[in-house]
Amino acid sequence: EPEVTQTPSHQVTQMGQEVILRCVPISNHLYFYWYRQILGQKVEFLVSFYNNEISEKSEIFDDQFSVERPDGSNFTLKIRSTKLEDSAMYFCASSGGRGAVLSYNEQFFGPGTRLTVL
Amino acid sequence: QQQVKQSPQSLIVQKGGISIINCAYENTAFDYFPWYQQFPGKGPALLIAIRPDVSEKKEGRFTISFNKSAKQFSLHIMDSQPGDSATYFCAASGNNAGNNRKLIWGLGTSLAVNP
């Protein structure tokens with residue numbers, strides 16, 4: 001069964017450093033998302049991406065964040081200068097396989113990258 | 001208006017019992033309501049979802065009940081098993097610009113099923 005994969009599973013970085021979180025969405029999906037979950041709290045939307053551009057971004061997704069789909073398979077989230085409060089689980093999701101109308105509703109999540117900023 | 005309110009925060013059920021988790025929303029533009037199951041250290045996994053044109057959807061032991069007029073929906077887990085012990089999130093999405101379907105999440109319910 002196709003699945004979303006994410007690397008690394010755990011990233012430890014110093015405050016102010018740049019990190020890149022990588023995701024490989026399900027191959028025929030068209031919509032891509034990043035969410036984050038601070039420990040013990042709810043999942044929060046960061047950004048959605050479609051047709052090689054950002055569709056929507058949340059207030060959290062400020063100038064320190066960027067996303068890119070550098071090739072046909074990877075989808076990356078870059079945090080330019082990490083802050084302590086960026087420590088969280090970051091989940092990539094994808095949806096929208098070609099076909100049934102409802103398919104773009106069904107978001108499938110990767111296992112997450114735990115980011116720890118020291 | 002973008003909030004989804006979920007209750008209870010935690011739930012303990014005996015094996016074989018029924019687990020019920022409730023969610024309420026305000027934004028009438030929401031048109032898709034999924035439930036996700038999350039085990040510790042894992043990503044959320046889509047469990048079951050419903051659209052507002054039906055009042056109930058059942059898949060195996062999992063049922064969503066949907067009340068459009070009250071803007072509420074609930075997850076029922078029949079014959080709860082210890083393996084169902086996880087955190088359950090309700091969510092909602094609407095048709096935003098460019099078919100962006102960002103999910104708005106509830107706070108989650110930690111379910112423990114005692115053997």
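Quick note: structure is the one above.
Here is what the cut-offs are and how they apply
- Residues numbered from 1 in each chain as written.
- Chains lettered and ligands numbered in written order.
- Predicted model: local features only at pLDDT ≥ 70, side-chain atom pairs only at ≥ 80, totals over all residues.
- Heavy atoms only, no water.
- Salt bridge = Lys/Arg side-chain N within 4 Å of Asp/Glu carboxyl O.
- Helix = DSSP H or I, 4+ residues; strand = E, 2+ residues; numbered from the N terminus.
- Buried < 20%, exposed > 50% of the residue type's maximum accessible area, 1.4 Å probe, protein only.
- Contact = heavy atoms within 4.5 Å.
- Buried area = accessible area lost by both parts, 1.4 Å probe.
- Polar contact = N/O pair within 3.5 Å; in protein donor to acceptor, adjacent residues only side chain to side chain.
- Nonpolar A, V, L, I, M, F, W, Y, C, P; charged D, E, K, R; others polar.
- Pairing = 2+ DSSP bridges.

1. Things to note about the pattern of salt bridges
All names here are of chain B.
Thought 1: The full count for this structure, using the stated rule, is six salt bridges over all chains.
Thought 2: Across the salt bridge formed by Asp31 and Arg101, the nearest N and O atoms sit 2.5 Å from each other. Of the two residues, Asp31 sits in strand S4 (residues 30-38) while Arg101 sits in the loop between strand S9 (86-94) and strand S10 (104-105), which places them 70 residues apart along the sequence.
Thought 3: Classification of Arg101 by relative accessible area gives buried; the value is 1%.
Thought 4: Lys57 serves as the salt-bridge partner of Glu59, at 3.6 Å between the closest nitrogen and oxygen.
Thought 5: The exposure class assigned to Lys57 is partly exposed, which follows from its relative accessible area of 32%.
Thought 6: Put simply, Asp31, Arg51 and Arg101 are held in one network by salt bridges that share partners.

2. Side note on the interface of chain B and chain A
Thought 1: Contacts between the two partners involve 21 residues from chain B, matched on the other side by 20 residues from chain A.
Thought 2: Taking both partners together, chain B and chain A bury about 1,900 Å²; carbon and sulfur atoms supply 56% of that area.
Thought 3: The interface formed by chain B and chain A holds one salt bridge in total.
Thought 4: Residues A:Glu56 and B:Lys102 are paired through a salt bridge, measuring 2.6 Å at the closest nitrogen-oxygen approach.
Thought 5: Linking chain B to chain A there are six residue pairs in polar contact (both at pLDDT 80 or more).
Thought 6: Looking at the side of chain B that touches chain A, the elements that each hand over two or more residues are S4 and S9 of chain B.
Thought 7: With three residues, the single largest contributor to the side of chain B that touches chain A is S4(B).
Thought 8: Its residues assigned to classes, the side of chain B that touches chain A comprises eight nonpolar, nine polar and four charged.

3. What to know about the pairing of strand S11 (residues 109-114) of chain B
All names here are of chain B.
Thought 1: Burial along S11 is one-sided: Thr109, Leu111 and Val113 are buried, while Ser110, Ala112 and Asn114, pointing the other way, are not.
Thought 2: In this structure, strand S2 (residues 10-14) lies alongside S11, joined through five bridges in parallel fashion. Note on S11: the bridge partner recorded for Val13 is Val113.
Thought 3: Of the pairings in the sheet, the one linking S9 to S11 comprises three bridges and is antiparallel in character. Looking at S11, one finds that Ala86 is bridged to Leu111.

Interpretation note: all reported values are geometric properties and have no functional meaning in isolation.
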